[in-house]
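Structure assessment
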Amino acid sequence: MLPFPDCFENVMFSDILENDLYIKEVYQAMGSDDLSEPIIVIINLMKNGIYPTPFKNKNEDLSNEYRNEGNSAYKNKKYQKALICYNKALAYAPNMSRAMKLAYSNRSALLINFRHYKACLNDISTCMTMGCPDDILEKLMKRRETAQRALWLENIQKKYNSYAEDFFKIPKRHPDVPCASSQIDITMDSKFPKIVAKTDIKVGTVLALEKAFVVSPCPFDDAGSNYTTCSYCLKMSLNLFPCEGCTLALFCSKQCNELCLKEYHNTECHVAGFVKNRPDIQIPLRAAIKVRNMCKSWDELVALSNRYNSKKVKSSINEIFNSNNPSSLLTFNYDVNFLHGMLFNATLIWSFCIIIINNSECFFPQSGDDKAKAIRAFARILIYLTIFSPPTYMILPESDTFDEITKFSKHPSFGLFPFIGKLKHSCIPNTRAAALNNTMALVALQPIKAGTELTITPVFHWLDCPQTKQDRQNRMLWFYRTVCSCVVCEASPHDWALMRQNSQLSVTQRRKHKMIFSNESPENFFEPNKTAGIYKKICECLELLNDVPFSKEYADMYRYFRKCLLYLQDYKSQNIVLDDSIDVYM
Ligand SMILES: [Zn+2]
Ligand SMILES: [Zn+2]
Ligand SMILES: [Zn+2]
């Protein structure tokens, strides 16, 4: 569990791992009630060592290499890959360097061929503003002229869909939990509050819109998602620009850049190599820094960390669910199996992370006593988040504006959600989360009677993709530190066949089901004037078939629902990718 980051290269660990006495001391500390104790022990053991900062610096040669790689990808018609390579070239290029200007220039060439004229002009103007190198000036001015003329000529009417525009809106909000609809209620009669329906809720209703406390872009490097999405809002923009300080972060706008720096990146930037491709490290680190920045002082953070230190405390609804309150990050109630292996590795990772941050002298207080207290509080919050607060999967919608193909991104990102992340788990959930970049929408998937608890699946809906029992259990254990023994998780192929057989529509259901879509295909939702009507019909159908969830008819309708919702997500998110199957107009 929790493997070490690549950048460690075992250099830092050997001192600890090869010394039995040290190991013994760390293990002893792990028995302490205070989860930060082992981290402090390691930091003290390592006091006199000198450790390299695993922070990859800007490097013009590397930037040139990535750009060349992009050029050959382009020649081989691997366009999305070319885009990623140019973005990498930007991330590694020293600010205002020749390599940076060339990377912008090459990306503009890629974009003009995809008829993304506006994005192309943005890149050209960025390059010009930096001072375009003489040897490409003429070429670039020509390209600018072509793009301007093409943009002027381009008379493609963007189809305006007022229903899609307004779909993800909540008319009335819950008084204590602003991200949630007033149609939900929170009851306090059990040990931990329950999120329930306040009124009867119809299938398809939007129940919450929650912006992630922090996100982490897709971790898989070959997908290059770190280099296709904004590091702050996860938008897939064609005009990403790099962070000036590190080779990790790209941003879609000045606003995202500023918010990211203000909330956590000012500190994260110093340990970029450490969190790269590691959402399991990036999420707790970003969250802990943000919690610190939300507190007025280190004293406030110390008090907060003491309050939630591994013991359950009584908290208000606002403290638990409102992400504007830093306590919401520290009040999770998972069925967590305490995993010692995980605690040990996490302890080592956070010790070194704290040592590196401390070396950068940009975060912790400088005076001795305050510093020690601050480090312990920060360690406590990091370890708490690692163990008790698993991130949520976010599958983003993406589209290619050429063919208007909308699909789920193959590469999931992750986010931390103080409200949606605390919904009760069920493998036959009555809600579904839909990602809108760094915001999650919660949509009712079943009719929910007033007073019923809202549930969500931590893995995938059983109709979303075929998963073996082993897959499901692995994911559950990895992300939620628990296993599940419900019918969906435990059913053998034989059981599934039986469940399908027993899930038959009644005569009335069959008749009504036929009537709902008598003269229209549920596929037509993307036509602007039909979306509203068809979405309503699909939801009506799901409601009708709610007691036969394993029937073929339900499965079909579920797929239409998912597709329609994805279209609405895509309309809102505007994530553009370059499709490799398209021939470029040279
Ligand atoms: Zn952004
Ligand atoms: Zn940075
Ligand atoms: Zn289950």
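Everything discussed here concerns the structure shown above.
Because the structure is predicted, anything quoted here is derived from the model rather than measured. (Residues numbered from 1 in each chain as written. Chains lettered and ligands numbered in written order. Predicted model: local features only at pLDDT ≥ 70, side-chain atom pairs only at ≥ 80, totals over all residues. Heavy atoms only, no water.)

Another point: the overall build of the protein chain. Scanning the protein chain from N- to C-terminus turns up 22 helices and 14 strands. Sequence-distant contacts, at least 24 apart, represent 69% of the contacts inside the protein chain between residues at least 6 apart. Just so you have it, the protein chain exposes about 26400 Å², and 51% of that area is on carbon and sulfur atoms. (Helix = DSSP H or I, 4+ residues; strand = E, 2+ residues; numbered from the N terminus. Contact = heavy atoms within 4.5 Å. Areas by Shrake-Rupley, 256 points an atom, 1.4 Å probe, with all protein chains shown as cover.)

Looking at the zinc ion (ligand 3), the protein donor atoms are Cys427 (SG), Cys484 (SG), Cys486 (SG) and Cys489 (SG), and they sit 2.2 to 2.3 Å from it. Within one chain, the residues donating to the zinc ion (ligand 3) are spaced in sequence as C-x56-C-x1-C-x2-C. Within this pair, whereas Cys427 is found in the loop between strand E11 (424-425) and strand E12 (431-436), its partner Cys484 is found in the loop between helix H17 (469-480) and helix H18 (487-490), the two being separated by 57 residues in sequence. Just as Cys427 is buried, Cys484 falls in that class too. (Donors = N, O, S within 2.8 Å, 3.2 Å for Na, K, Ca; no water. Buried < 20%, exposed > 50% of the residue type's maximum accessible area, 1.4 Å probe, protein only.)

If you trace the backbone, His174 turns up in the loop between helix H9 (162-167) and strand E1 (184-187). Residue classification places His174 among the buried residues on the basis of a relative accessible area of 8%. Side-chain polar atoms of His174 contact the backbone nitrogen of Asp176, separated by 3.0 Å. Ignoring anything within four residues of it in the chain, the contact list for His174 reads Ala180, Ser181, Ser182, Ile184 and Ile186. (Polar contact = N/O pair within 3.5 Å; in protein donor to acceptor, adjacent residues only side chain to side chain.)

Turning next to the coordination of the zinc ion (ligand 2). Geometry sets the ideal angles at a metal, namely 109.5 degrees for four tetrahedral donors and 90 or 180 degrees for six octahedral donors. Ligation of the zinc ion (ligand 2) by protein atoms is provided by Cys243 (SG), Cys246 (SG), His265 (NE2) and Cys269 (SG), these donors lying 2.0 to 2.4 Å from the ion. For the zinc ion (ligand 2), the 4 donor atoms in the first shell make angles of 103 to 115 degrees at the metal, so the coordination geometry reads as tetrahedral. Each donor residue of the zinc ion (ligand 2) lies on the same chain, and together they follow the pattern C-x2-C-x18-H-x3-C. Highlighted residues: Cys246 in the loop between strand E5 (241-242) and strand E6 (250-251) and Cys269 in the loop between helix H10 (254-268) and helix H11 (272-275), separated in sequence by 23 residues. (Tetrahedral: all angles 85-135°; square planar, octahedral: opposite > 155°, others 65-115°.)

Axis separation between H10 and helix H12 (residues 279-294) bottoms out at 9 Å; the angle between their running directions is 120 degrees. In terms of their interaxial angle, H10 and H12 are classed as oblique. Relative to H12, the crossing made by H10 is right-handed. Counting all contacts with H10, which are made through Cys260, Lys262, Glu263, Tyr264, Asn266, Thr267 and Glu268, the residues of H12 involved are Gln282, Arg286, Ile289, Lys290 and Asn293. Tallied by class, the residues present in the contact of H10 with H12 amount to 3 nonpolar, 4 polar and 5 charged. (Axes fitted to C-alpha atoms, helices over the stretch in contact; angles between N-to-C directions. Parallel < 35°, antiparallel > 145°, perpendicular 65-115°, else oblique. Left-handed = near helix turned anticlockwise from the far one by under 90°. Nonpolar A, V, L, I, M, F, W, Y, C, P; charged D, E, K, R; others polar.)

Taking 1.5 Å per residue, 14 residues should reach 20 Å; helix H5 (residues 79-92) reaches 20 Å between its end C-alpha atoms and fits that length. In terms of burial, H5 is largely enclosed, as 13 of its 14 residues are buried. (Expected span 1.5 Å × (residues − 1).)

Let us now look at the environment of Asn122. For Asn122, the position within the fold is in helix H7 (residues 117-130). Distance in space between the C-alpha atoms of Asn122 and Tyr104 is 9.3 Å, their sequence separation being 18 residues.

With 5 of its 6 residues buried, E12 lies for the most part within the structure. Bridge analysis of E12 against strand E13 (residues 439-444) gives 6 bridges, and the strand direction is antiparallel. Within E13, the residue paired with Arg432 across the bridge is Val443. Here E12 folds back onto E13, and the loop between the two strands holds 2 residues, one of which, Asn437, carries a positive phi near 55 degrees. (Pairing = 2+ DSSP bridges.)

Take the packing of aromatic side chains next. Enumeration according to the criterion identifies 23 aromatic pairs in this entry. The interplanar angle of 15 degrees and the centroid separation of 5.1 Å between the aromatic rings of Tyr27 and Phe344 together place this pair among those described as stacked. You can see Tyr27 sitting in helix H2 (residues 20-30) and its partner Phe344 sitting in helix H15 (residues 340-360), a full 317 residues away along the chain. Its relative accessible area of 44% is what places Tyr27 among the partly exposed residues. (Phe/Tyr/Trp six-rings, centres within 6.5 Å; stacked < 30°, edge-to-face > 60°.)

Moving on, we come to the nonpolar core. Ranked by size, the top nonpolar core spans 115 residues in total, and within it Leu110, Leu285, Trp350, Ile354, Phe364 and Phe378 carry the most contacts. Counting the residues that make up this core, at least three belong to each of domain 1 (6-53 + 225-389) and domain 2 (60-153). Counting residues in hydrophobic clusters, the runner-up holds 47 residues, among them Ala441, Cys489, Ala491 and Cys541. (Core = buried A, V, L, I, M, F, W, Y, C linked by side-chain atoms within 4.5 Å. Domains from an automatic or database assignment.)

Time to look at the pattern of salt bridges. The final tally for this structure, using the stated rule, is 20 salt bridges. If you follow the salt bridges from partner to partner, you end up with Asp34, Glu37, Arg376 and Arg380 in one network. (Salt bridge = Lys/Arg side-chain N within 4 Å of Asp/Glu carboxyl O.)

Next up on the list: the sheet that holds strand E3 (residues 206-211). Overall, antiparallel pairing links the 3 strands, which are arranged E3-E13-E12 in an open sheet. Single-partner strands in this sheet number two, and they are E3 and E12. Each neighbouring strand pair of the sheet contributes to a mean axis angle of 20 degrees, computed without reference to strand direction. Relative to E13, E3 runs antiparallel, the two being bridged by 5 bridges. Bridging across to E13, Glu210 finds its partner in Met440. Strands in contact with helix H22 (residues 552-573) are E12 and E13; relative to E12, the strand with the most contacts, it is inclined by about 30 degrees.

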